[in-house]
Amino acid sequence: MPVGVWRHLGGKVSAGTVIWFHGGMTSNNCQKGLVAGSDLAVLLPEYTVVSASACKQTHWVEPTTIQAIDESLDALAMRQNHPIDEISLVGISDGSLGVIAYSLWGKRKVANRVLMSSYGEALGPAVQVARQSTMNRGRWRFIQGGKDRLYPAEASVPWIQEFCQNVGAACDLKFDAEGEHDWSYWKNRHKEWILEIFSY
């Protein structure tokens, strides 16, 4: 699995490791991870950003894909001679399913999660997903828009609200009635919603 890594700037010790889950997880572009994390790395210059590549049948909601991400983190930890025991997860569109999938199957502790333009119903009822034993560790933030062309608010927001009520961890929803589906909207209009969760 191709993986892109953006290291923190300034020669300082990294503030942490963030995994970026891009959208379009079943597209034919199997090199997406090599470039997809660059924008997030600009927003989080003190962090190390790792961006894997999902495509075709190797999509985010496969245990083998999550295992491959952990193996990439193992290799990075060995290369930098420093363990990676705790990570944060950021996903856009169906990349948000990757955030949930890692929370279910990944081997590392998760501190923060940001899920933008998500549709969790694809993984099952909110209560069922929220009550899995690994979901109540770390924080959850959902960012959703009222003008999402793929996942309308009336379909996505009730799932998020029910999830937050049942997950047993810090969980909130930031909603913009004018919000669109794409990463560019959230990056340009509400980057503070993304960055805020890393300041706790």
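Residues numbered from 1 in each chain as written. Predicted model: local features only at pLDDT ≥ 70, side-chain atom pairs only at ≥ 80, totals over all residues. Heavy atoms only, no water.

Draft legend 1. View of the sheet that holds strand 4 (residues 86-92). Read from one edge to the other, the open sheet built from 7 strands follows the order 1-3-2-4-5-6-7, with strand pairing classed as mixed. The two strands at the open ends of the sheet, each matched to only one other strand, are strand 1 (3-6) and strand 7 (171-176). Adjacent strand axes in the sheet meet at a mean angle of 15 degrees, parallel and antiparallel pairs treated alike. Note: strand 6 (residues 139-145) against strand 7, 6 bridges, orientation parallel. Bridge assignment links Arg141 to a residue of strand 7, and that residue is Asp172. Sitting on the sheet, helix 6 (residues 153-166) touches strand 6 and strand 7, and the angle it makes with strand 6 is about 165 degrees. (Pairing = 2+ DSSP bridges. Helix = DSSP H or I, 4+ residues; strand = E, 2+ residues; numbered from the N terminus. Axes fitted to C-alpha atoms, helices over the stretch in contact; angles between N-to-C directions. Contact = heavy atoms within 4.5 Å.)

Draft legend 2. Summary view of the packing of aromatic side chains. Counted under the stated rule, the structure contains 10 aromatic pairs. Centre to centre, the rings of Phe142 and Phe163 are 5.6 Å apart; their planes meet at 75 degrees, and the pair counts as edge-to-face. Of this pair, Phe142 sits in strand 6 while Phe163 is found in helix 6, placing the two residues 21 residues apart along the sequence. Classification of Phe163 as buried rests on a relative accessible area of 0%. Taken together, Trp140, Phe142, Trp159 and Phe163 form an aromatic cluster joined through their ring pairs. (Phe/Tyr/Trp six-rings, centres within 6.5 Å; stacked < 30°, edge-to-face > 60°. Buried < 20%, exposed > 50% of the residue type's maximum accessible area, 1.4 Å probe, protein only.)

Draft legend 3. Just helix 4 (residues 95-105), in detail. Counting buried residues along helix 4, 9 of its 11 residues qualify, which places the element largely inside the surrounding structure. Of all the positions in helix 4, only Gly95, Ser96, Leu97, Gly98, Val99, Ile100, Ala101, Tyr102 and Ser103 are classed as buried.

Draft legend 4. Inspection of the environment of Glu86 at higher detail. When you line up the elements, Glu86 lands in strand 4. Each C-alpha atom, one on Glu86 and one on Val110, is 5.7 Å from the other, the two residues being 24 residues apart in sequence. Setting aside chain neighbours within four positions, we find Glu86 in contact with Lys109 and Ala111.

Draft legend 5. Main features of the side chain of Arg108. Secondary-structure assignment places Arg108 in the loop between helix 4 and strand 5 (109-116). Judged by relative accessible area, Arg108 falls into the buried class, the value being 11%. Reaching out from Arg108, the side chain makes a polar contact with the backbone oxygen of Ile84 at a distance of 2.5 Å. Excluding its chain neighbours within four sequence positions, the residues that come into contact with Arg108 are Asp70, Leu73, Asp74, Ile84, Asp85, Ile87 and Tyr102. (Polar contact = N/O pair within 3.5 Å; in protein donor to acceptor, adjacent residues only side chain to side chain.)

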